[in-house]
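Examining the three-dimensional arrangement
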Amino acid sequence: MADDRTDIVRVRIRNRVRVWPDVVVVLLCVLSRCHGYQEQRFAMEPQDQNAIVGSRVTLPCRVENKVGTLQWTKDDFGLGTHRNLSGYERYFMIGSDEEGDYSLDIRDVTLDDDGTYQCQVSSGLNGEPPIRSRYAQLTVLVAPDPPRILQGAFIDATEGQSLDIECVSEGGKPAAEITWVDGNQVVIKKNVQSKVELLPDERRFKTRSVLRLVPDKSHHNQTITCQAQNTADRAYRMATVLIEVKYIPKLKVAVKSGLVKDMIPEGSEARIQCLVDSNPPPQYYRWYLNNNPVIGDYTDEMIIFNVTRKHHKAVVRCEAANSVGKNESSVVLAVSYPPTFRSRPQNIEAAVGDDVTLKCDVDSQPPSKIRWLFHEPGRIGVKGKDSDLKMRVTPDNAGRYICRASLEGYPEIESEATIFIKGPPKILSNRTQFGSEGENVRIECVALSVPKSDDVTWYFEGREISVIRDPDYATLVDVLPDGIVKASLVIRASQPKHYGLYNCSVTNEKGNANAAIVLKPLKTLPLFIILIGVTSGIIIFSGFVILLVLCHRRRRKKSQQINEKPDVTVTTSDMYKESDRSSNISDLKLQLPQSDGSYELEYTSSDRSDSKNPAGLPLAGPVPLPNMRHDDPLMQFRYSNDYSDPTYSDPYFKNPAGYVYDYPQGYAPPPHLRVQSPVQLDVPTNRSLQGSLTRSIDTASTLPLSAGNVSQSNSLQRTKEDETDAINNLGLPVGGDAPSPIYAQPGVKNHGVDLRYSATYGNPYLRNSSIGYGNQVHTAKPASTPAPPPYSAIRSSVVIPPGNGNQPAQATHV
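Every value quoted in this text rests on a predicted model; they were computed, and no experiment measured them. (Residues numbered from 1 in each chain as written. Predicted model: local features only at pLDDT ≥ 70, side-chain atom pairs only at ≥ 80, totals over all residues. Heavy atoms only, no water.)

With respect to the environment of tyrosine 91
Structurally, tyrosine 91 can be placed in strand 7 (residues 91-94). A relative accessible area of 4% places tyrosine 91 in the buried class. When the C-alpha positions of tyrosine 91 and aspartate 105 are compared, they lie 5.7 Å apart, and in sequence the two are 14 residues distant. Those residues within four positions of tyrosine 91 in sequence are excluded, and the remaining contacts are Lys74, Leu79, Asn84, Leu85, Leu104, Asp105, Ile106, Asp113 and Tyr117. (Helix = DSSP H or I, 4+ residues; strand = E, 2+ residues; numbered from the N terminus. Buried < 20%, exposed > 50% of the residue type's maximum accessible area, 1.4 Å probe, protein only. Contact = heavy atoms within 4.5 Å.)

Written out as structure tokens, the structure reads:
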């Protein structure tokens, strides 16, 4: 308790001591009032400031208990005591005396306003001491002028050669800061040097910045920007230069076409392209295949017309050069090709328990899948998938193995090898063999011998055969694959004594094998009997062939006789064959009445004759006549209506009882039809009727015509006087009251031409049967003649012999 009381006393004493200074201050203040003045002091003093040219700035100054005169000084030079500061139009002291505010306001700041300012108050009348504010630094900031790149707006550069780019910015206050930026707006900081210089006015500054650049391809057609700024204006002022870089070719070689799964198939065509990027463009290209120059005028593309497996992993190199330098690039070819064996598996001879390896070396791209197949009857299976098959030989795994290689898109290949177990030989030959007496006979002893046999011995009837002592014998030994040994005993000019029991003995390092072989004579027919049989067979066969040939010729001769056609028309095919082909020819058919009232159109076998000299009746249109003879009076008639044959005059057709059959009318001729042959035509010997009437008779088949029976006989009699007539003319029937046709009527004028041989008569398209044949279309007037229908060759001719109405008439088809 005593201690606590002591502490309280001590605290009270300390508080009393602290009160005494305050009391002293109050006393001094009272004493000063008593003497008649108060101390002047600044309530606010000016501070350092920055101002940008053209802006407005205010330097604060507030005074309490001001009794003296206040003025502002700049660099210790008084500006004036009045608020309007006469002589300084942009300077004003703003504020009011009541507030004691005498702040200096500067408008439209210029660089001249830069300096140190001070607010000062003089002493009072009552002896108050003067006061001065702290110095305030007014810093006027000036934005720099736009920068300039001394090298200009474009620069030509070469790759790898250093280049200095200089940028200058003047007039800044403070000095401008220069920054370099590339075309990707990335600031360049390396290899930049800057230098600041004071301008002659000693207020502003000049900044130089040099960028040392080592141009490369990435700088080609890129811009480099110089940016200048200071605190007066944070907006960048900039200058830009475009760099054009000349650089060596940049190459990339790639396979342009022919790739299948990133590989070139063997046998295809490969196009390899050299992609070049250079400035200026390359002046030449060179191609190399495995460092060997490729011959050919290749530029940016090289062609391998036939890719082989030799091109696999081949190096194709492209070289290009320009004025700056040369460069090269290469590509390694990958060729796909089917599997082939570099080395095939080999047979192995081993003893039981030996370790062996079967090798299967396959070449293919991409690598093939390998399978080892054990291929023995009843024991087939896959034994491995690697190129090497290792095993320990046992009786169970000895045998034939197949190496099979497969690759997608190509056929499989395979090869086999056999593991043989060494042992005594085994004889495989037939125990009975045959030979012909008098000929050389060979006895074969085939044995399986692994390892290879050392000796083969022959015995006959228990006696060893020695080829040295017995010249009738000779021995041969052939070593075949797969451990096969073929021993042959040759008997020269075998005799009955050589046939019997032989023994073959084969020996190798593992043992011996014997086999008894019986040689028997072969019974054959004598040689002369065989020759007689062969000769007889040849003779019989030859006779049979000759008989067939004779029969064929006789049949063909009969066929030619049947198809032979009588020529009853004298033609001028050499003169008119071309006109016949280009003219219209009517098809004349014979419409035969049947017993039941129906009609049958008869045609011969040569309905569409393709003969060289077609003959027919020209219907309409002009016919070109080559090599026309003007001395022949008959050659003046170009069209059928131009010529009137005197044989067919009007009196011939004026028989009242006459009847001419007009087949387009659709009725049968009456049974009393009488056919008369006209008078023989007087035709010159050096011409035919075909100049004005082109007709020929193709076949000669005659038909008897009657009311109840129609038959045909293959006979046609030709007389010498009929050979000059083109056709057998139809006569006029006698007797009966049948109406006569219009050309046989007495009152109808015939114009000197037999209407039956005119174009209008033979062509139903050019006439009108209902009104008769008076209204004919004259083919001699081509302007008024319509185009005729297509024509065909005349099928056959009609021949009707003269007779009365009760006799059967003969007709020939047309």
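Description of the sheet that holds strand 37 (residues 423-427)
Within a sheet, each strand pairs with its neighbour through backbone hydrogen bonds, oriented either parallel or antiparallel. What the four strands build is an open sheet, ordered 37-39-43-42; its pairing is antiparallel. The sheet is open, and its two borders are formed by strand 37 and strand 42 (473-480), each paired with just one other strand. Each strand of the sheet is rotated relative to its neighbour by a mean of 20°, with strand direction disregarded. Sheet analysis places strand 39 (residues 441-450) next to strand 43 (residues 484-491), joined by eight bridges and oriented antiparallel. Of the residues in strand 43, the one forming a bridge with valine 446 is lysine 486. (Pairing = 2+ DSSP bridges. Axes fitted to C-alpha atoms, helices over the stretch in contact; angles between N-to-C directions.)

Describing the environment of isoleucine 188
With respect to the secondary-structure elements, isoleucine 188 resides in strand 16 (residues 187-188). It is 9.4 Å that separates the C-alpha atoms of isoleucine 188 and isoleucine 224, two residues lying 36 residues apart in sequence. In this structure isoleucine 188 touches Trp180, Val181, Asp182, Leu211 and Ile224, once residues within four positions along its chain are discounted.

Notes on the sheet that holds strand 26 (residues 315-321)
With antiparallel pairing, four strands are arranged side by side in an open sheet as 24-23-26-27. Sheet topology places strand 24 (292-293) and strand 27 (326-332) at the edges, where each strand pairs with a single neighbour. Of the strand pairs in this sheet, strand 26 and strand 27 are connected by seven bridges, and their pairing is antiparallel. Bridge pairing in strand 27 links alanine 320 to asparagine 327.

A closer look at the pattern of salt bridges
Enumeration over the complete set of coordinates arrives at 34 salt bridges. Across the salt bridge formed by glutamate 197 and arginine 208, the nearest N and O atoms sit 3.4 Å from each other. In this pair, glutamate 197 is assigned in strand 17 (residues 192-198) and arginine 208 in strand 18 (residues 205-213), connecting sequence segments eleven residues apart. Judged by relative accessible area, arginine 208 falls into the partly exposed class, the value being 24%. Here the residues in one salt-bridge network are Glu166, Lys195, Glu197 and Arg208, joined through shared partners. (Salt bridge = Lys/Arg side-chain N within 4 Å of Asp/Glu carboxyl O.)

The quantities given are spatial measurements derived from coordinates; they are silent on function.
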